[in-house]
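# Commentary on secondary and tertiary structure
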Amino acid sequence: MPPRDRLLAALVAVLWGVNFVAIHFSLEHYPPFFLVALRFLVLAIPTVLFVKWPGVKVRWLLGYGLGFGILQFAFLYAGMQAGMPPGLASLVLQASAPFTVVLAAVWLRERLTVIQGVGIAIACSGLGVIAAERAGVSALLPVILTLCGALGWAFGNVCSRQANPDSPLRMTLWMSVVPPLPMLALSLLVEGPDAVWQSVSTAFTLEALPADLGLAYTAVLGTVVGSGIWTTLMKRNPSSRVAPFSMLVPVAGFTSAWIILGDVPTWGDIVGGCIVIAGVAIATVAWRKRARMPRDLEPEESPSATAG
């Protein structure tokens, strides 16, 4: 994985870390399932009107929209509405990284090297340190809901890799067409028309401004920019090399929650975050060094051959 791709993956981690604070503000005004529908609806309409089809098979686009758009955010928003703090949500959702590696190994037959496995294990141990420190913050149900969202994200990751789009950004935008109608139907069924109407009728009041700004952030920076870059990285690198970077999101999530919401991280959070960073470095940077050594001796192991 080249240095530029590692920097882009780190940028996505920051964008997605701050995203949890934005979601927190939006959930103070909008019901969770309706908020998911809104998040993608504001992108779906201009996409259908102005964006060219990304040149992918419909089944992979639907799979990406189902996993990344519907399952991830329906469970995540429901978990945060049930009491999951933004920082802790950013941590638990990163279970998508090992989920992605496992799905890619089983489904795509991607080979996981020993050093990648060690790096992921170290990063997971860092997540465990943070989880142990924050264990008393949230009840069991929000954690389970967020883990289900992580599994949905992993499914979307693998589908986006299978799609192999001509333009990852166009695919990300067209993915936004999938969630609005199913999520709106789910919102009306579970949350009820009254709750939906109440949030819409007061959407342009001063009190709703933080929620609206949070919605704009998640739609533009969290979805278009962040997911567009992520899909690009998943296209030109094996999933097992990109996925570990998602474990940097909790570091950005805890930091932004500290700065914006006053949620001060503990020493356990800080130590765990450092372990996560070390694990991601081992799983990505160290693998690249290992791959360079035998290139002249074993040309079939070049990145162009293994990434196919």
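Everything numeric in this text was worked out from a predicted model, so none of it was measured.

Cut-off values and rules
Residues numbered from 1 in each chain as written. Predicted model: local features only at pLDDT ≥ 70, side-chain atom pairs only at ≥ 80, totals over all residues. Heavy atoms only, no water. Helix = DSSP H or I, 4+ residues; strand = E, 2+ residues; numbered from the N terminus. Buried < 20%, exposed > 50% of the residue type's maximum accessible area, 1.4 Å probe, protein only. Salt bridge = Lys/Arg side-chain N within 4 Å of Asp/Glu carboxyl O. Contact = heavy atoms within 4.5 Å. Polar contact = N/O pair within 3.5 Å; in protein donor to acceptor, adjacent residues only side chain to side chain. Expected span 1.5 Å × (residues − 1). Bend = angle between axes of the 7 residues up to and from the residue. Core = buried A, V, L, I, M, F, W, Y, C linked by side-chain atoms within 4.5 Å. Axes fitted to C-alpha atoms, helices over the stretch in contact; angles between N-to-C directions. Parallel < 35°, antiparallel > 145°, perpendicular 65-115°, else oblique. Left-handed = near helix turned anticlockwise from the far one by under 90°. Nonpolar A, V, L, I, M, F, W, Y, C, P; charged D, E, K, R; others polar. Patch = residues over 30% accessible without salt bridge, like charges linked within 9 Å, V, L, I, M, F, W, Y side chains within 5 Å. Areas by Shrake-Rupley, 256 points an atom, 1.4 Å probe, with all protein chains shown as cover. pLDDT = per-residue confidence, 0-100. Phe/Tyr/Trp six-rings, centres within 6.5 Å; stacked < 30°, edge-to-face > 60°.

We now examine unusual backbone geometry. In this structure, Asn164 takes a positive phi of about 50 degrees despite not being glycine. Mapped onto the elements of the fold, Asn164 is located in the loop between α7 (140–163) and α8 (168–175). For Asn164, a relative accessible area of 47% gives the class partly exposed.

Taken as a whole and judged by the stated rule, the model has two salt bridges. Where Asp5 meets Arg4, a salt bridge forms, and the shortest distance between an N and an O atom there is 3.9 Å. In this structure Asp5 comes out as buried when scored by relative accessible area, which is 2%. A salt bridge links Arg236 to Asp5, with the shortest nitrogen-to-oxygen separation between them at 2.6 Å.

Take the side chain of Thr218 next. Tracing the sequence through the fold places Thr218 in helix α11 (residues 209–236). With sequence-adjacent residues up to four places away left out, Thr218 is seen in contact with Asn19, Ala22, Ile23, Arg39, Tyr77 and Thr223.

Attention now goes to the side chain of Asn157. Tracing the chain through its elements places Asn157 in helix α7. A polar atom in the side chain of Asn157 sits 3.1 Å from the side chain of Trp230. When sequence neighbours within four positions are dropped, the list of residues in contact with Asn157 reads Thr100, Trp230 and Met234.

Moving on, we come to α11. When the terminal C-alpha atoms of α11 are compared, their 39 Å separation across 28 residues agrees well with the 40 Å that a helix rising 1.5 Å per residue should span. The largest bend in α11 amounts to roughly 30 degrees and is located at Ser227.

In this structure, Cys159 sits in helix α7. Separated by 91 residues in the primary sequence, Cys159 and Phe68 place their C-alpha atoms 9.2 Å from one another. In this view, Cys159 contacts Trp60, Gly63, Tyr64 and Trp107; residues no more than four positions away in its chain are not counted.

Core analysis: the biggest nonpolar cluster contains 68 residues, and Leu76, Tyr77, Met80, Trp230 and Met247 have the highest contact counts within it. The biggest single contributor to this core is helix α3 (residues 58–81), with eleven residues. Filtering out sequence-adjacent residues up to four positions away, Leu76 remains in contact with Phe20, Ile23, Ala89, Leu93, Leu145 and Thr146.

Further remarks concern the environment of Leu15. Here Leu15 is to be found in helix α1 (residues 3–27). The spacing of Leu15 and Thr218 is 203 residues in sequence and 9.1 Å in space, taken between C-alpha atoms. The residues touching Leu15, leaving out its near neighbours within four places in the chain, are Tyr217, Leu221, Val225 and Gly226.

What follows concerns the packing of helix α2 (residues 32–50) against α3. Where α2 meets α3, the axes come as close as 8 Å, and the angle between the chain directions of the two elements is 140 degrees. By the criterion of interaxial angle, the relationship of α2 to α3 is oblique. Crossing hand, α2 versus α3: right-handed. Residues Pro32, Phe33, Leu35, Val36, Arg39 and Phe40 of α2 touch α3, and the partners they reach there are Gly69, Phe73, Ala74, Tyr77, Ala78 and Gln81. Across the contact of α2 with α3, the residue classes break down as nine nonpolar, two polar and one charged.

Once that is clear, we can look at a nonpolar patch on the surface. Together, Trp258, Ile259, Ile260, Leu261 and Val264 give the surface a local cluster of nonpolar side chains, amounting to about 490 Å² of exposed area. Here Leu261 is to be found in helix α13 (residues 249–261).

A word on the confidence of the model for the chain. With 90% of its residues at a pLDDT of at least 70, the chain reaches an overall mean of 83. Averaged pLDDT values over the elements of the chain bottom out at 30 in helix α15 (residues 303–306) and peak at 96 in helix α9 (residues 180–190). Across residues 286–308, where pLDDT falls below 50, the model places 23 contacts with residues more than four positions away in sequence or in other chains.

As enumerated under the stated definition, the model contains nine aromatic pairs in all. On the numbers, 6.3 Å between centres and 45 degrees between planes, the contact of Trp16 with Phe68 is tilted. One end of the pair, Trp16, is in helix α1; the other, Phe68, is in helix α3, and 52 residues separate them in sequence. Judged on exposure class, the residue Trp16 and its partner Phe68 are both buried. Summarising the aromatic geometry, the rings of Phe68 and Phe73 are spaced 5.6 Å apart at their centres and angled 80 degrees between planes, so their arrangement reads as edge-to-face. Pair check on accessibility: Phe68 and Phe73 agree, each one buried.

Moving on, we get to the packing of α1 against α11. Between α1 and α11, the least distance of the axes is 8 Å, while the angle of their chain directions is 155 degrees. It follows from the interaxial angle that α1 and α11 lie roughly antiparallel. When you trace α1 past α11, the crossing you get is left-handed.

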